[in-house]
Amino acid sequence: MSAEDGQGEAAPEYLQSFTIVGGDFAAAGSVSIAAKNLLKAVGFPAPVLRRVAIVAFEAEMNVVMYGGGGELAVYLSPTTVRLVISDQGPGIGDLELAMQEGWSTATPQMREMGFGAGMGLPNIKKNSDRLTIDTAPGKGTRLQVEIDLP
Amino acid sequence: MSPTISQIKDWLDAEVLTGSEALERSISMAHSADLMSDVLAFSHSDSILLTGLSNPQVVRTAEVAGILGVVFVRGKRPAQVVVELAEEYGLPLMVTNLSMFDAVGLLFARGLRGWSLVEPGSAA
């Protein structure tokens, strides 16, 4: 990825990645908390940490529930944290629909755990400064989220 | 109005399951939900969470959202693994026999508020 606007800002550099296990509802969320703790150790301020953690958690739940497993990668620049969450799952058929609050394909099991209310992607968008979603049926889903440091 | 978790425990006649070392934390808002997505979307940090769910995701959601303590209503006790997870995060867990409605009502009567009244007009 090239530097934006030619302002010479450094592109975020790879820091660490975490494996997300598909269908493991008991462990779901642990990767996001590990990522949060990593950034806390780096010295991130609490309000940014919270946004990063919420984005990571919602995305991780999606990968666990729908994506069949995948990966969360963390990139850092002095001004931005970038999260890339990818899976090899079925992909999202109608992205516009999936971005609407309340639209969900969750199973009863997911709902019993307190998820699957159709809030995940809208909540990710709300907490991010830039969001890119690459997805197609049968080709998995890749979210790239950037959150700027204050 | 920023009561401590310890005061909330007394008001709700609740039992502490873990995190007794963190009961002097001040709480600025309360949030009640069984929908964790709702907690992630609307709750604020420095809040207490009241819920009828007791799975590990409640504890992880609280940790992610910066929630300072969790109260399980209707006498719903989480499994030991859930208590241990909270212990790992230093998150106080309590259980009250009150219903969600009654627990929330008692806290409201004592002056605690949720985000929609603390920040009127602030669509989350």
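Residues numbered from 1 in each chain as written. Chains lettered and ligands numbered in written order. Predicted model: local features only at pLDDT ≥ 70, side-chain atom pairs only at ≥ 80, totals over all residues. Heavy atoms only, no water.

On to the overall build of chain A, then. Counting its regular elements, chain A contains 5 helices and 5 strands. For chain A, the succession of helices and strands along the chain, N to C, is β-α-α-β-β-α-α-α-β-β. The globule rule puts the C-alpha radius of gyration for 150 residues at 15 Å, and the 15 Å found for chain A is close to it. Across its three principal axes, chain A shows a C-alpha extent of roughly 45 × 30 × 25 Å. (Helix = DSSP H or I, 4+ residues; strand = E, 2+ residues; numbered from the N terminus. Rg over C-alpha atoms; globule rule 2.2 N^0.38 Å.)

A word on the layout of surface pockets. With a probe scaled to a water molecule rolled over the atoms, the places where space remains empty come into view. Residue and element names in this part refer to chain A. Size it by volume and the largest pocket reaches roughly 530 Å³. Around the largest pocket sit 30 residues that line it, and Asn 62, Tyr 66, Ile 92, Thr 105 and Leu 121 are the ones nearest its centre. Taken together, the elements giving at least two residues each to the lining of the largest pocket come down to helix H2 (46-67), strand S3 (80-87), helix H5 (120-126) and strand S5 (141-148). Per-element accounting of the lining of the largest pocket gives the leading share, 8 residues, to H2. Tallied by class, the residues present in the lining of the largest pocket amount to 16 nonpolar, 11 polar and 3 charged. Counted as a void, the second largest pocket has a volume near 350 Å³. (1 Å grid on protein atoms, 1.4 Å probe; cavity = no way out; pocket = protein on both sides within 12 Å on 5 of 7 lines; lining within 4 Å. Points joined across faces, edges and corners; volume = space filled by probe spheres on them. Nonpolar A, V, L, I, M, F, W, Y, C, P; charged D, E, K, R; others polar.)

All right, on to the packing of helix H1 (residues 30-42) of chain A against H2 of chain A then. Packed helices, taken two at a time, are described by the angle between their axes plus the distance between the axes. All names here are of chain A. It is the contact of H1 with H2, at a shortest axis distance of 8 Å, that shows an interaxial angle of 155°. Relative to H2, the element H1 lies roughly antiparallel. Here the hand of the crossing between H1 and H2 comes out right-handed. Between H1, through Ser 30, Val 31, Ser 32, Lys 36, Leu 39 and Lys 40, and H2, the contact on the second element is made entirely by Leu 49, Val 52, Ala 53, Ala 56, Phe 57 and Glu 60. Residue composition of the contact of H1 with H2, grouped by class: 7 nonpolar, 2 polar and 3 charged. (Axes fitted to C-alpha atoms, helices over the stretch in contact; angles between N-to-C directions. Parallel < 35°, antiparallel > 145°, perpendicular 65-115°, else oblique. Left-handed = near helix turned anticlockwise from the far one by under 90°. Contact = heavy atoms within 4.5 Å.)

The predicted model of chain A averages 91 in pLDDT, with 95% of residues at 70 or higher. Put simply, helix H4 (residues 108-112) of chain A is where chain A has its lowest mean pLDDT, 89, and S5 of chain A is where it has its highest, 98. (pLDDT = per-residue confidence, 0-100.)

Attention shifts here to the interface of chain B and chain A. Facing 23 residues of chain B, the contacting portion of chain A comprises 24 residues. Interface area lost by chain B to chain A is led by Leu 40, Gln 57 and Val 64 of chain B, which between them contribute 34%. For the interface between chain B and chain A, the tally reads 1 salt bridge. Among the ionic pairs, Glu 63 of chain B bridges to Lys 36 of chain A, the shortest N-O distance being 3.9 Å. Connecting chain B to chain A are 11 residue pairs in polar contact (both at pLDDT 80 or more). Top element by residues in the side of chain B that touches chain A is helix H3 (residues 56-65) of chain B. It accounts for 7 residues. (Buried area = accessible area lost by both parts, 1.4 Å probe. Salt bridge = Lys/Arg side-chain N within 4 Å of Asp/Glu carboxyl O. Polar contact = N/O pair within 3.5 Å; in protein donor to acceptor, adjacent residues only side chain to side chain.)

Further remarks concern the sheet that holds strand S5 (residues 93-95) of chain B. All names here are of chain B. Strand order in the open sheet formed by 5 strands is S1-S5-S4-S3-S2, with mixed pairing between adjacent strands. Edge positions in the open sheet fall to strand S1 (15-18) and strand S2 (29-32), since each of these has one partner strand only. Sheet twist, expressed as the average angle between the axes of neighbouring strands with direction ignored, equals 25°. Where strand S3 (residues 47-51) lies against strand S4 (residues 69-72), 4 bridges are found, and the strand directions are parallel. Within S4, the residue paired with Leu 49 across the bridge is Val 70. Against the sheet, helix H4 (residues 80-89) engages S1 and S5, with an angle of about 75° to S1. Against the sheet, helix H5 (residues 100-109) touches S2 and S3, its axis set at about 155° to S3. (Pairing = 2+ DSSP bridges.)

Residue and element names in this part refer to chain A. In spatial order, the strands read S1-S2-S3-S5-S4; together these 5 strands make up an open sheet with antiparallel pairing. Since the sheet does not close on itself, it has two edges, and those belong to strand S1 (13-21) and strand S4 (130-135), each with one partner. With strand direction ignored, the average angle separating the axes of adjacent strands in the sheet is 15°. Pairing geometry for S4 and S5, over 6 bridges, is antiparallel. Of the residues in S5, the one forming a bridge with Asp 134 is Arg 142. Its contacts with the sheet put H1 on S1, strand S2 (69-76) and S3, and the angle it makes with S1 is roughly 155°. Contacting S1, S2, S3 and S5, H2 runs over the sheet at an angle of about 5° to S3.

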